[in-house]
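This is what each chain is made of:
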Amino acid sequence: MSTSRRSSRLALVTSAPTVDCGATNLKRKRAKVETHISPLQSPCGSSSEKSVTPMENDEAYIQPSKAPNRKRRQRKVAKSSKEEQDLNETKSEDEAPQRPRKKKQPKPDPVYIIPDVESKTTTFKGRLGYACLNTVLRSKKPASDSVFCSRTCRLDSLNKKGMDWVKDLGMKNVEDLLTMIQWNEDNHIRFMRVSSEIFPFASHGKHGYSLDYCAPLLAQVGILANKYGHRLTTHPGQYTQLGSPKPEVIESAVRELSYHCEMLDRMGVGVDGVMIVHGGGMYDDKAATLERIKKTITEVLPLSVRSRLVLENDELCYNAEDLLPLCEELDVPLVFDYHHDALNPSSIPPSVIIQRTNAIFARRGIRPKQHLSEPRPGALTLMEKRAHADRCETLPNDLPDDMASLRSPAENQSKETKGRKSTKRIRAKAEAERVSLDSDESIEGDSTTQGAATITKRIQRVKAEKERTRTEKEKSSESEARAQG
């Protein structure tokens, strides 16, 4: 029984199928041009002793027409030809010369009309200048024509583009400095503070570099300034802390001052080219910090740096009265800042301070220097008042009041403090509480003892909140000053 079954299975494997399908099966197979019938099993499932291929059985296999294949190939060839033609047209368009862009015509420089003022006789022999940024030249259009000398970069850009690219920024800044000096002369301005960012990362601990590569161009700046009798000074940044308790901060300050000194020396600027720094942070002990400042000036600073160093009063930590005794002891001049003195006043009148610091300038053979500015209109808090107004509306008593500004200030001057902490939320909260208090008084205010007591408690609570807010602002200002240190 098993032997016969095995034999029948072998017969199925070795024998070819007998193709005997109906018309319906044949119609189905006509569409399957690429499909071949297996010789092991017929579509109908019957077996045969003779091996027969589909090609040998005319009835079981009907050769399909080749017309559909030709049409398909023709369509495919036509499609590929069209794609190739489109590709050639695209290439021809890309290879065609592009039309040169029409260069925008530069806008003419604005003309500033300065109204006539009454002429007066005055004994004032000083000069008025500006700090770093010439807003007229900086706002030139297009931007490629803009003139300024504070091009800088981030450390990441230095690492990506290399030191040569950074030095090229310095060269462009010096070239524009020449343009600014000539513009100043044409507009009768012979006093300017040079930007500290002329040479990016020149005083960096790792990436710092010498200014020798730009020495010829710096010499041209000095020649032009001396030719016209212009005074050039510098003001190193807020991170120049001479009284820091950290040695690495002192080292960084010395590098920064040495860089500024090298720049002025290579320009050939005389003793009037001073470097101005603030007292810096107090580090929780003003007296001890003043002693560290004294030690840094007398024992750490190179002689060339010390010969150009002057100190300035600030609006947070050190007023003029704090610095004046140190300046007189070390024979270091003090630049008096009117704006800072208004925010952080001394008990000594400005006229007395100026008289005493001018005596130091005279002993050193240096022309006196002062800073004049005002808070922006509408500033209320100390942090808002730190922001400088575009123009000075009033002048000190030592200066004549008939001097006109080059331009009028902006219509809407912002009270932004350039990254310093804002007090808008605090003032908004205080205003909301004041409105709430007024509303409570109008509703609940009566002649009874209980109503009067309720109003009194609310007034006391609001006053306590205001006092707490003021204390927090003072603490935040001191914390900011220490952070800057």
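First, a word on what this report is: a plain description of the structure on this page. (Residues numbered from 1 in each chain as written. Predicted model: local features only at pLDDT ≥ 70, side-chain atom pairs only at ≥ 80, totals over all residues. Heavy atoms only, no water.)

### As for helix H11 (residues 320-330)
- Among the residues making up H11, those that are buried are Ala320, Leu323, Leu324, Leu326, Cys327 and Leu330.
- Against the buried residues of H11 lie helix H9 (286-300), helix H10 (303-306), strand S5 (309-312), strand S6 (334-337) and helix H13 (350-364).
- The N-terminus of H11 is capped by asparagine 319, whose side-chain oxygen sits 3.2 Å from the backbone nitrogen of glutamate 321.
- Of the residues trailing H11, aspartate 331 is marked for its positive phi of about 60 degrees. (Buried < 20%, exposed > 50% of the residue type's maximum accessible area, 1.4 Å probe, protein only. Helix = DSSP H or I, 4+ residues; strand = E, 2+ residues; numbered from the N terminus. Contact = heavy atoms within 4.5 Å. Polar contact = N/O pair within 3.5 Å; in protein donor to acceptor, adjacent residues only side chain to side chain.)

### Comments concerning the packing of helix H7 (residues 215-228) against helix H8 (residues 247-267)
- Relative to each other, H7 and H8 sit at 70 degrees, their axes nearing to 7 Å. As far as their axial angle goes, H8 and H7 are roughly perpendicular. Taken together, the residues of H8 that come into contact with H7 (itself represented by Ala215, Leu218, Ala219, Val221, Gly222 and Ile223) are Met263, Arg266 and Met267.
- Its residues assigned to classes, the contact of H7 with H8 comprises seven nonpolar, one polar and one charged. (Axes fitted to C-alpha atoms, helices over the stretch in contact; angles between N-to-C directions. Parallel < 35°, antiparallel > 145°, perpendicular 65-115°, else oblique. Nonpolar A, V, L, I, M, F, W, Y, C, P; charged D, E, K, R; others polar.)

### Some points on the nonpolar core
- Core analysis: the biggest nonpolar cluster contains 66 residues, and Leu177, Ile198, Phe199 and Met263 have the highest contact counts within it.
- No other element matches the nine residues that H8 contributes to this core.
- Apart from the residues within four sequence positions on either side, phenylalanine 199 is in contact with Gly170, Val174, Tyr209, Leu211, Tyr213, Cys214, Leu218, Tyr259 and Met263.
- Grouped together as the second largest cluster of nonpolar side chains are six residues, Val274, Ile276, Phe361 and Ile366 included. (Core = buried A, V, L, I, M, F, W, Y, C linked by side-chain atoms within 4.5 Å.)

### Notes on the pairing of S5
- The side-chain alternation of S5 yields two buried faces, one formed by Leu309 and Leu311 and the other by Val310 and Glu312.
- Where the polypeptide runs from S5 across H11 and back to S6, its parallel neighbour, the crossover connection is right-handed. (Right-handed = clockwise from strand over helix to strand, strands pointing away.)

### Notes on unusual backbone geometry
- Note that the residue after lysine 141, namely proline 142, is joined by a cis bond; omega there is 0 degrees.
- Relative to the assigned elements, proline 142 resides in the loop between helix H4 (135-138) and helix H5 (155-161).
- Phi at cysteine 132 is positive, roughly 70 degrees, even though this residue is not glycine.
- Summarising the element assignment, cysteine 132 is placed in the loop between strand S1 (130-131) and H4.
- With relative accessibility at 23%, the residue cysteine 132 sits in the partly exposed group.
- Despite not being glycine, aspartate 331 has its phi angle at roughly 60 degrees, a positive value.
- Looking at where aspartate 331 falls in the secondary structure, it is placed in the loop between H11 and S6.

### Some details on H8
- Helix length check: H8 (21 residues) gives 31 Å between terminal C-alpha atoms against 30 Å at 1.5 Å per residue, within 8%.
- Among the residues of H8, Val249, Ile250, Ala253, Val254, Glu256, Leu257, Tyr259, His260, Cys261, Met263, Leu264 and Met267 are the ones counted as buried.
- Within two residues after H8, glycine 268 carries a phi angle of roughly 75 degrees, on the positive side. (Expected span 1.5 Å × (residues − 1).)

### As for the pairing of S6
- Of the two faces of S6, the one holding Leu334 and Phe336 and the one holding Val335 and Asp337 are both buried throughout.
- Relative to S6, S5 is paired through two bridges, and the arrangement is parallel. By the bridge assignment, leucine 311 is partnered in S6 with leucine 334.
- Here S6 pairs with strand S7 (residues 370-371) via two bridges, running parallel. Of the residues in S7, the one forming a bridge with phenylalanine 336 is glutamine 370. (Pairing = 2+ DSSP bridges.)

### As for the environment of valine 277
- With respect to the helices and strands, valine 277 occurs in strand S4 (residues 275-278).
- Residue valine 277 is classed as buried on the basis of its relative accessible area of 1%.
- Separated by 42 residues in sequence, valine 277 and histidine 235 have C-alpha atoms that sit 6.2 Å apart.
- Apart from residues no more than four positions distant in its own chain, valine 277 is found in contact with His235, Pro236, Thr240, Leu242, Leu257, Leu309, Val310, Leu311 and Glu312.

### Focus: the packing of aromatic side chains
- Applying the stated criterion to the full structure yields four aromatic pairs.
- Ring geometry for phenylalanine 199 versus tyrosine 213: centroids 6.2 Å apart, planes at 85 degrees, classification edge-to-face. A residue pair is termed long-range when its members are at least 10 positions apart, and phenylalanine 199 in the loop between strand S2 (191-194) and H7 and tyrosine 213 in the loop between S2 and H7 qualify at 14 residues.
- Among the residues examined, phenylalanine 199 registers a relative accessible area of 2% and is labelled buried.
- In this structure tyrosine 213 comes out as partly exposed when scored by relative accessible area, which is 27%.
- Ring centres 6.5 Å apart and planes at 90 degrees place the aromatic pair phenylalanine 199 and tyrosine 259 in the edge-to-face group. Residue phenylalanine 199 is found in the loop between S2 and H7, and its partner tyrosine 259 is found in helix H8; the two are separated by 60 residues along the sequence.
- An aromatic cluster of three or more residues is present, and its members are Phe199, Tyr209, Tyr213 and Tyr259.
- Above the plane of the ring of phenylalanine 148 lies arginine 138, whose end atom (NZ or CZ) is 3.8 Å from the centre.
- A cation over an aromatic ring shows up here: lysine 167 above the ring of tyrosine 213, its NZ or CZ 5.2 Å from the ring centre. (Phe/Tyr/Trp six-rings, centres within 6.5 Å; stacked < 30°, edge-to-face > 60°. Lys NZ or Arg CZ within 6 Å of the ring centre and 35° of its normal.)

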